[in-house]
Amino acid sequence: MLKVYTCIVAEHDLRLVALAALICAMASFAAVNLLHHVNLSGHAMRRIWLAVAAVATGFGIWATHFIAMLAFQPALPSGYNIALTTVSLLAAIVLTGVGLAIGASSRMRYGRWVGGMIIGGGIAVMHYTGMAAFEIAGRIVWDLPLVAASIALGGLFGAAALPVALHANTFKWKAYGALILTIAICSHHFTAMGAAAIVPDPRVVVSAAALPKEWMAIGVALVSTAIILLAGIGLVLDLRDLRRAGETARMQDMADAAVEGLVVYNKTEIVAANHSFVALACVDGSQPVGHSLAFFFPAALEDQLMDAALRPLEVELRATDGSMIPVELIRHDIMYAGKPHQVIAVRDIRGRKQAEEEIHFLAHHDPLTKLPNRTSFNKRLEVEFAAHRNSDRCVAVLFLDLDRFKETNDLFGHLVGDAVLQCVAEKIRGVLKPDQMVARLGGDEFAVIVPGLPSPAYATRATDAILEAFGETGVNLPAGVTIGTSIGIAVFPNDALDRATLLSHADAALYEAKIEGRGGYRFFEPSMGDHLRDRRQFEHDIRHAISRNELRLVYQPQADIQSNEIFGFEALLRWDHATRGAIPPSVFIPIAEECGAILKIGEWVLRAACAEAATWKKQLGVSINVSAVQLHGGNLPELVEEVLKETGLDPSRLELEITESSLIKDIGRALMVLRKLKDLGVQIAMDDFGTGYSSLSNLRAFPFDKIKVDQSLVRAVDTSSEAAAIMRAVVGLARGLNLPVLAEGVETDAELSFLRAEACDAMQGYLLGKPLPIADFAQHTRGGTTATPKRTGKRELRMVKTNAA
Ligand code: C2E
Ligand code: MG
Ligand code: MG
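Residues numbered from 1 in each chain as written. Chains lettered and ligands numbered in written order. Predicted model: local features only at pLDDT ≥ 70, side-chain atom pairs only at ≥ 80, totals over all residues. Heavy atoms only, no water.

A. Main features of the overall build of the protein. Each helix and strand counted, the protein has 29 helices and 23 strands in total. Relative to the globule expectation of 28 Å for 805 residues, the C-alpha radius of gyration of the protein, 55 Å, shows a markedly less compact shape. Projected onto its principal axes, the C-alpha positions of the protein cover 175 × 65 × 50 Å. Taking all 805 residues of the protein together, the buried fraction comes to 48%. A total of about 37,500 Å² of accessible surface is found on the protein, and carbon and sulfur atoms cover 59% of it. In the protein, which carries 76 positive and 85 negative side-chain charges, the distance between the mean positions of the two groups comes to 5 Å. (Helix = DSSP H or I, 4+ residues; strand = E, 2+ residues; numbered from the N terminus. Rg over C-alpha atoms; globule rule 2.2 N^0.38 Å. Buried < 20%, exposed > 50% of the residue type's maximum accessible area, 1.4 Å probe, protein only. Areas by Shrake-Rupley, 256 points an atom, 1.4 Å probe, with all protein chains shown as cover. Lys, Arg positive; Asp, Glu negative; His and termini not counted. Charge placed at Lys NZ, Arg CZ, Asp CG, Glu CD.)

Here you go:
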């Protein structure tokens, strides 16, 4: 150590030593910068920058050595052998180049350490070759341990220099690396110089060809300038890299802010991606950089991707967990890191796809049962027609209509009705084969397509399966109600060749099946259309019954059971059809309700009955039947108010009869309508009590003024103890609620006696009088004095002996 110190201080010009150190530091810094640049360069430029770095560093080591040699001032003549001097320079460049190449390569595990050590070796080779080129009038005696130490110092510091310099692309780490490299060169040089002792020997003559020191000085000055230049270039490059790194970072920040996924692609691999893409595609936390586009978009072809610049491309993205995500790609060409790249925007379209699917599903399915709708049914039928047109097989269409569905809906409400339809859909779907299709055409109408039948008779297999499914358990409803279905069958091409006709034939067959009895099926027969046409004609006639003057009212008296006094009449509708004759209300009222004609008819009844009652001298009551359709569909309170005003009838004389089942359809609305009617001063009676739900809570909830007990309960009260018990219970119940009870359909004296004994309030029935035109009751309606019904008096019942209308 002392020897090295003495060598530097005593035998060297210290100013030149400082210059050597400066040159060395600059060369090292240039080397480190250039090495970073090598790492950032593309494939083609990499070798060029590696060569530049090798030359700069090699020259730097060489110049450091020779400036230090210029600083070395032995008092003997000296010079430099040109050939060996050149060899020493080349050795420095080549070995440094090899070391840098290994250090910059990412393939070798400890490449940076090994590369650095090779550079250290290069320093030693250069130095000792350079010393061999040094000619002096004397002999050089080597201190071998110091020689070994010089090689070791160069190697060790050299080895450490590259890992430090390449640790990060920041000025700090580059400066550390350059410093260690400088230490490697300088420590080696001065230790090696300390190892050399020059023993003057006059026999040794410096050759004439040897390069004089002055020349050497010029050469070194040139080399130093070159190093400074290269260092400058390195610095410029470095600044550019920094700027680019800043731009890239800004781009990355912007890209990360984007909601859509973005990847930058260099036609070989992905070089950058934003957070959104990583979150979408790399669910396992891996990085997309380095993968090809095909890795994420296996189904997208290269030229399809090229087209994505013109219009968005819909493909599937394969995420790293293997899941496939529908996405939309849009491509743009960009300059990235100074080179042409492509940026691909990746939009997740799962939400859109799902919405599209839902819209498509809604357009083709019934939302309640999820079965295909009429549109899908028609489409499928056309497809089957095309497939069967030239074959020896046929297609059957089954039309299904649920038995008593309307009643169920009215009685139990829409929620139960919906549950029934869903359950029915499930049952039918459950028994069909994969090539058969069931659709809901609307309401309680279902239709089934049964293709590929060898003959029409084979359709019964599907029909039987469906009826069996209904038969097994029925549909689970409150109060143990089960629902069945009737089925009509028409077959292509046997019954019809076009869809419209085939469907109308299936409908006609269904109509027949319903007439025949519930829970059956019928194949279409040509004569069947007649029934359906008949029904249509009937509906048409009902709609025109008012304008054709075919409707009239008959009146049935109602009397107080105890006083026998008639206190009012129930108005009952009669239809005298021009060709069919008298049609009973039990036949035409339900049809009028189904086709909607009841609204107009009901209004007519209300006007006619009120107008009639207003003419009576006696202030008797008039009862009018109100259908569920009127209660829920029309503007009943407004209409009643208007008619009362028009006719001048005292509202307290009007009684509206409402059946229990019509309330249950929509309890809230029914209650509202009844309250409005009550506010007008009108009376409300519950008609046909005992035939429907017979619920105490309904009696309590609604503002009834009277209960009319159905004739089915009245019948046989005098003979059947069971009927008597029920009647007694009903009268007791009504009494508890403080409601008067009117017994309907009283036909015999025995029935009357029973009712009187049970203190029933009022009666109506053939015993008192059959429904007749009001003129037949003139004696009652024209009476002089007021006839407010009295329920207590014990007067004789005046029987009205007339024939029923
Ligand atoms: P409802 O309101 O219960 O009327 C009583 C029915 O019982 C009437 O039948 C009447 O003729 C019948 N009847 C009365 N006393 C006796 C009897 O002692 N024995 C028997 N066997 N029957 C008796 P009608 O006139 O055939 O009416 C049947 C149903 O048609 C009515 O039952 C009512 O629900 C409905 N209806 C009648 N007219 C109208 C109307 O103007 N509008 C509405 N919406 N429905 C009406
Ligand atoms: Mg009635
Ligand atoms: Mg009744």
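B. Here's a closer look at the site of ligand 1. Within the structure, ligand 1 sits among 22 residues, and Gln 556, Asn 625, Asp 687, Glu 747 and Tyr 766 are positioned closest to it. Between ligand 1 and the protein, one listed contact pairs a nitrogen atom with a backbone N or O atom of Leu 573 at 3.1 Å. Within the side chain of Asp 688, a nitrogen or oxygen atom sits 3.0 Å from an oxygen atom of ligand 1. In the complex, 82% of the free accessible area of ligand 1, which totals 790 Å², lies under the protein chains. Those elements that provide at least two residues to the shell around ligand 1 are β16 (566–577), α19 (585–595) and β20 (683–689). (Near = heavy atom within 4 Å. Polar contact = N/O pair within 3.5 Å; in protein donor to acceptor, adjacent residues only side chain to side chain.)

C. Structural detail: the coordination of the magnesium ion (ligand 2). Glu 570 (OE), Asn 625 (OD1), Glu 657 (OE) and Asp 687 (OD) make up the full set of protein donors to the magnesium ion (ligand 2), lying at 2.0 to 2.3 Å. When the donors of the magnesium ion (ligand 2) are listed by position in the chain, the intervening gaps give E-x54-N-x31-E-x29-D. The two metals, the magnesium ion (ligand 2) and the magnesium ion (ligand 3), are separated by 3.9 Å and share Asp 687 as a common coordinating residue. Here Glu 657 lies in strand β19 (residues 654–659) and Glu 570 lies in strand β16, a separation of 87 residues in the sequence. (Donors = N, O, S within 2.8 Å, 3.2 Å for Na, K, Ca; no water.)

D. Just the confidence of the model for the protein, in detail. Looking at the protein as a whole, the pLDDT averages 84, with 91% of positions reaching at least 70. pLDDT under 50 marks residues 785–805. Its contacts with residues more than four places away, or in other chains, come to 52 contacts. (pLDDT = per-residue confidence, 0-100. Contact = heavy atoms within 4.5 Å.)

E. Quick look at a nonpolar patch on the surface. A surface patch of nonpolar side chains, amounting to about 410 Å² of accessible area, comprises Met 108, Tyr 110, Trp 113 and Val 114. Note on placement: Met 108 falls in the loop between α4 (82–104) and α5 (111–133). (Patch = residues over 30% accessible without salt bridge, like charges linked within 9 Å, V, L, I, M, F, W, Y side chains within 5 Å. Salt bridge = Lys/Arg side-chain N within 4 Å of Asp/Glu carboxyl O.)

F. Representation of the environment of Arg 393 in the model. Take Arg 393: it is sitting in the loop between α13 (374–388) and β10 (394–402). Separated by 58 residues in the primary sequence, Arg 393 and Pro 451 place their C-alpha atoms 8.0 Å from one another. Not counting residues up to four positions away in its chain, the partners in contact with Arg 393 are His 388, Gly 452, Leu 453, Pro 454 and Pro 493. Engagement of the side chain of Arg 393 in a polar contact is seen with the backbone oxygen of Gly 452, the distance being 3.0 Å.

G. Molecular detail of the coordination of the magnesium ion (ligand 3). Distances from the magnesium ion (ligand 3) to its protein donors, Asp 687 (OD), Asp 688 (OD), Glu 744 (OE) and Glu 744 (OE), fall at 2.0 to 2.4 Å. All donors to the magnesium ion (ligand 3) come from one chain, and their sequence spacing reads D-D-x55-E. Look at Glu 744 and you get buried, because its relative accessible area is 9%.

H. Main features of the sheet that holds strand β8 (residues 324–336). Reading across the sheet, the 5 strands line up as β6-β5-β9-β8-β7 and stay open at both edges, with antiparallel pairing between neighbours. The open sheet has two edge strands with one neighbour each: β6 (270–273) and β7 (313–318). Pairwise comparison of adjacent strand axes, ignoring direction, gives a mean angle of 35 degrees for this sheet. Two strands pair when backbone bridges link them, and β7 and β8 are joined in this way by 6 bridges, in the antiparallel orientation. Bridge pairing in β8 links Leu 317 to Ile 325. Sheet strands touched by helix α12 (residues 350–364): β7, β8 and β9 (339–348). Its angle to β8, the strand with the most contacts, is close to 140 degrees. (Pairing = 2+ DSSP bridges. Axes fitted to C-alpha atoms, helices over the stretch in contact; angles between N-to-C directions.)

I. Spatial organisation of the domain arrangement of the protein. By domain assignment, the protein separates into domain 1 (2–238), domain 2 (258–354), domain 3 (365–526) and domain 4 (549–804). Once you take the C-alpha centre of each, domain 2 and domain 4 turn out to be 78 Å apart. (Domains from an automatic or database assignment.)

J. Fine view of the environment of Gln 287. Mapped onto the secondary structure, Gln 287 falls in the loop between α9 (275–281) and α10 (293–296). Through-space distance from the C-alpha of Gln 287 to that of Phe 524 is 68 Å; in sequence the pair is 237 residues apart. Those residues in contact with Gln 287 that sit more than four places away from it in its chain are Val 278 and Cys 282.

K. Broad picture of the sheet that holds strand β13 (residues 485–492). Pairing is mixed across the open sheet formed by 5 strands, whose spatial order is β11-β12-β10-β13-β14. Whereas interior strands pair on both sides, the edge strands pair on one side only; in this sheet they are β11 (437–442) and β14 (521–523). Across the sheet, the axes of successive neighbouring strands diverge by a mean angle of 20 degrees, strand direction being ignored. Both β10 and strand β12 (residues 445–453) contribute to a ladder of 7 bridges, which runs antiparallel. Its bridge partner lying in β12, Val 397 is registered against Ile 449. The sheet strands contacting helix α15 (residues 414–431) are β10, β11 and β12, and the helix crosses β12 at an angle near 5 degrees.

L. Representation of the nonpolar core within the structure. In this structure, Tyr 555 and Leu 654 are the most contacted members of the largest nonpolar core, which totals 78 residues. By residue number, the principal contributor to this core is helix α20 (residues 598–615), which donates 7 residues. If we skip the residues at most four places from it in the chain, Leu 654 touches Leu 606, Cys 610, Val 622, Ile 624, Val 640, Leu 644, Leu 649, Val 682 and Gln 683. Counting 50 residues, the second largest nonpolar core, distinct from the first, contains Ala 54, Tyr 80, Leu 166 and Leu 181. (Core = buried A, V, L, I, M, F, W, Y, C linked by side-chain atoms within 4.5 Å.)

M. Structural view of the packing of helix α17 (residues 499–516) against helix α18 (residues 529–544). Their axes nearest at 8 Å, the elements α17 and α18 cross at an angle of 85 degrees. Judged by the inter-axis angle, α17 sits roughly perpendicular to α18. Residues Ser 504, Asp 507, Ala 508, Tyr 511, Glu 512 and Ile 515 of α17 lie in contact with α18, whose contacting residues are Gly 529, His 531, Leu 532, Arg 535 and Arg 536. When the residues that make up the contact of α17 with α18 are grouped by side-chain class, the tally is 4 nonpolar, 3 polar and 4 charged. (Parallel < 35°, antiparallel > 145°, perpendicular 65-115°, else oblique. Nonpolar A, V, L, I, M, F, W, Y, C, P; charged D, E, K, R; others polar.)

N. Summary view of the packing of aromatic side chains. Counted by the stated rule, this structure contains 13 aromatic pairs. Judged by centre distance (4.9 Å) and plane angle (85 degrees), the rings of Phe 295 and Phe 296 are edge-to-face. A relative accessible area of 0% means that Phe 296 is categorised as buried. Aromatic side chains Trp 575 and Phe 588 sit 5.5 Å apart centroid to centroid with 80 degrees between the ring planes, which places their arrangement in the edge-to-face category. Here Phe 588 lies in helix α19 and Trp 575 lies in strand β16, a separation of 13 residues in the sequence. The same class applies to Trp 575 and to Phe 588, which are both buried. Three or more aromatic residues link up through ring pairs in this structure, and these residues are Tyr 555, Phe 569, Trp 616 and Phe 777. Over the ring of Phe 295 we find Arg 318, and its NZ or CZ is 5.8 Å from the ring centre. Positioned over the ring face of Tyr 766 is Lys 770, at 4.6 Å from the centre of the ring. (Phe/Tyr/Trp six-rings, centres within 6.5 Å; stacked < 30°, edge-to-face > 60°. Lys NZ or Arg CZ within 6 Å of the ring centre and 35° of its normal.)

O. Structural detail: the environment of Glu 512. If you trace the backbone, Glu 512 turns up in helix α17. Looking at Glu 512, the relative accessible area reads 8%, which means it is buried. On a C-alpha basis, the gap between Glu 512 and Pro 637 in space is 40 Å, while along the polypeptide they are 125 residues apart. If we ignore the near neighbours within four places in the chain, the residues touching Glu 512 are Arg 522, Met 528 and His 531.

P. Geometry of the packing of helix α2 (residues 14–40) against helix α7 (residues 171–195). Relative orientation of the contacting elements α2 and α7 amounts to 135 degrees, with a least axis distance of 8 Å. The orientation of α2 with respect to α7, classified from their angle, is oblique. For the pair α2 and α7, the crossing hand works out as right-handed. Counting all contacts with α2, which are made through Val 17, Ala 21, Cys 24, Ala 25, Ser 28, Phe 29, Ala 31, Val 32, Asn 33 and His 36, the residues of α7 involved are Phe 171, Lys 174, Ala 175, Gly 177, Ala 178, Leu 181, Thr 182, Ile 185, Cys 186 and Phe 190. When its residues are assigned to classes, the contact of α2 with α7 shows 14 nonpolar, 5 polar and 1 charged. (Left-handed = near helix turned anticlockwise from the far one by under 90°.)

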